[in-house]
Amino acid sequence: LPNLSYWNTSDNQLSALPKQMHLLKSLVFLEVQKNKLTTLPDKLFQLKRLKTLNAQDNQIAVLSEKVNGLKSLRELNLENNQLSVLPNNIGKLQNLKSLILNVNQLKTLPETICNLGQLELLLLSNNQLEKLPLQISNLKNLKTLIALGNKFSEEEKQRIKTALPGCDVRFE
């Protein structure tokens, strides 16, 4: 298994991932959606080559601060989980291009999310967000921001659209 690059264990009713995840040093794509995961093991965040992590449709309530260990990560899909906060270290994922956080319980995003200089796609629909970080304009490569079904005021929506002039921003 040390040469395994793609692992799909979706739709298996898993409540936990193996503790030996860190031994899959060649893993590039990990698909664990549609399970019953409440957390991702800290050892998972030692996978330096991982580019895609799809953990949508689980019950994950907390994302570890160790997430910044995923140095090569380009796509992170945590849609339809139980997240209410994101760790500050998420801003250290310098290669991240796609961040999908639809259908969680997020009330705020950490300011450090504005450090994701390569981010092109940010999906935040159906959370409880009232505003986005003030430095959102730092996301110069952001092409698409979709944030339907949140609690943004009209003033905040306008601020965000103004801060991201080259971005397709949708609130409805």
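Everything below is about the structure shown above.
Notes on the structure in this doc start here. Throughout, residues of each chain are indexed from 1 in the direction in which the sequence is written. Reporting of local features is limited, given that this is a predicted model, to residues whose pLDDT is at least 70; pairs of side-chain atoms are given and counted only at 80 or more, and all residues count toward the totals for whole chains, interfaces and linings. For side-chain calculations, the full set of non-hydrogen atoms in the structure is used, while hydrogens and water are omitted.

**Comments concerning the overall build of the protein**
Reasoning step 1: Across its full length, the protein holds one helix and eight strands.
Reasoning step 2: Looking at the protein residue by residue over its 172 residues, the buried ones come to 48%.
Reasoning step 3: In what follows, residue pairs with any heavy atoms lying within 4.5 Å of each other are defined as contacts. A separation threshold of at least 6 residues defines the contact pool for the protein, and within that pool the share at least 24 residues apart is 25%.
Reasoning step 4: Carbon and sulfur atoms provide 48% of the accessible area of the protein, an area that totals close to 8700 Å². In DSSP terms, a helix is any run of H or I states spanning at least four residues, a strand is any run of E spanning at least two, and both are numbered starting from the N terminus. Each residue gets one of three labels from its accessible area relative to the maximum for its type: buried under 20%, exposed over 50%, partly exposed in between, using a 1.4 Å probe on protein chains only. All accessible areas in this document rest on Shrake-Rupley with a 1.4 Å probe, and a residue is counted as covered only by the protein chains that are shown.

**Considering a positive patch on the surface**
Reasoning step 1: Think of a patch as exposed residues, more than 30% relative accessible area, with no salt bridge, where like charges cluster within 9 Å and nonpolar side chains (Val, Leu, Ile, Met, Phe, Trp, Tyr) cluster within 5 Å. Each reported salt bridge corresponds to a side-chain nitrogen of Lys or Arg within 4 Å of a carboxyl oxygen of Asp or Glu. His is not counted, nor are the chain ends, whereas Lys and Arg count as positive and Asp and Glu as negative. One atom stands in for each charge, and that atom is NZ of Lys, CZ of Arg, CG of Asp or CD of Glu. Together, K25, K48, K71 and K92 line one region of the surface with positive charge.
Reasoning step 2: Tracing the backbone through its elements, the reader meets K48 in the loop between β2 (29–31) and β3 (52–54).
Reasoning step 3: Classification of K48 by relative accessible area gives partly exposed; the value is 47%.

**Brief notes about the sheet that holds strand β5 (residues 98–100)**
Reasoning step 1: Strand order in the open sheet formed by eight strands is β1-β2-β3-β4-β5-β6-β7-β8, and the pairing between neighbours is parallel. The sheet is open, and its two edges are formed by β1 (6–8) and β8 (168–170), each paired on a single side. Pairwise comparison of adjacent strand axes, ignoring direction, gives a mean angle of 5 degrees for this sheet. Criterion used throughout: strands pair if DSSP finds at least two bridges between them. Lines fitted to C-alpha atoms define the axes here, with helix axes fitted over just the stretch in contact, and angles between the N-to-C directions of these axes take values from 0 to 180 degrees.

**Considering the nonpolar core**
Reasoning step 1: Formed by 49 residues in total, the largest nonpolar core has its most connected members in L99 and L145.
Reasoning step 2: In contact with L99, other than residues within four places in its own chain, are L76, I90, I113, L116, L119, L121, L122 and L123. The term nonpolar core refers to a set of buried residues drawn from Ala, Val, Leu, Ile, Met, Phe, Trp, Tyr and Cys, joined through side-chain atoms within 4.5 Å.

**Things to note about the pattern of salt bridges**
Reasoning step 1: Scanning the entire structure with this criterion turns up seven salt bridges.
Reasoning step 2: The residue E156 makes a salt bridge to R159 at a minimum N-O spacing of 2.7 Å. Of this pair, E156 and R159 both sit in helix α1 (residues 154–163), three residues apart, which is roughly one turn of the helix.
Reasoning step 3: Owing to a relative accessible area of 25%, R159 belongs among the partly exposed residues under this scheme.

**Focus: unusual backbone geometry**
Reasoning step 1: Even without glycine at this site, Q13 takes up a positive phi of about 60 degrees.
Reasoning step 2: In this structure, D57 takes a positive phi of about 60 degrees despite not being glycine.
Reasoning step 3: With respect to the helices and strands, the residue D57 is situated in the loop between β3 and β4 (75–77).
Reasoning step 4: Its relative accessible area of 21% is what places D57 among the partly exposed residues.

**Some remarks on the side chain of N81**
Reasoning step 1: Following the sequence through the fold, N81 ends up in the loop between β4 and β5.
Reasoning step 2: Think of a polar contact as two N or O atoms within 3.5 Å of one another; within protein, one of them needs to be a possible hydrogen donor and the other a possible acceptor, and neighboring residues in sequence only count if both atoms come from side chains. A polar atom in the side chain of N81 sits 3.4 Å from the backbone nitrogen of N58.
Reasoning step 3: Polar contacts involving the side chain of N81 include one to the main-chain carbonyl oxygen of L78, which spans 3.0 Å.
Reasoning step 4: If we ignore the near neighbours within four places in the chain, the residues touching N81 are A55, Q56, D57, N58, Q59, I60, V103 and N104.

**Some points on α1**
Helical geometry: 3.6 residues make up each α-helical turn, so side chains three or four residues apart lie on a common side.
Reasoning step 1: Those residues of α1 that fall on the buried side of the exposure criterion are E156, K157 and I160. Viewed along the axis of α1, the buried residues span an arc of 105 degrees, placing them on a single side of the element. Residues of α1 that are exposed and point over 90 degrees away from its buried face: E154, E155 and T162.
Reasoning step 2: Buried residues belonging to α1 abut β7 (144–146) and β8. The arc in question is the one spanned by the directions pointing from the helix axis to the C-beta atoms.

**So, the environment of T52**
Reasoning step 1: Relative to the helices and strands, T52 is located in strand β3.
Reasoning step 2: For the pair T52 and L106, spaced 54 residues apart in sequence, the C-alpha to C-alpha distance is 22 Å.
Reasoning step 3: Setting aside its immediate chain neighbours within four residues, T52 contacts V28, F29, L30, L73 and E75.

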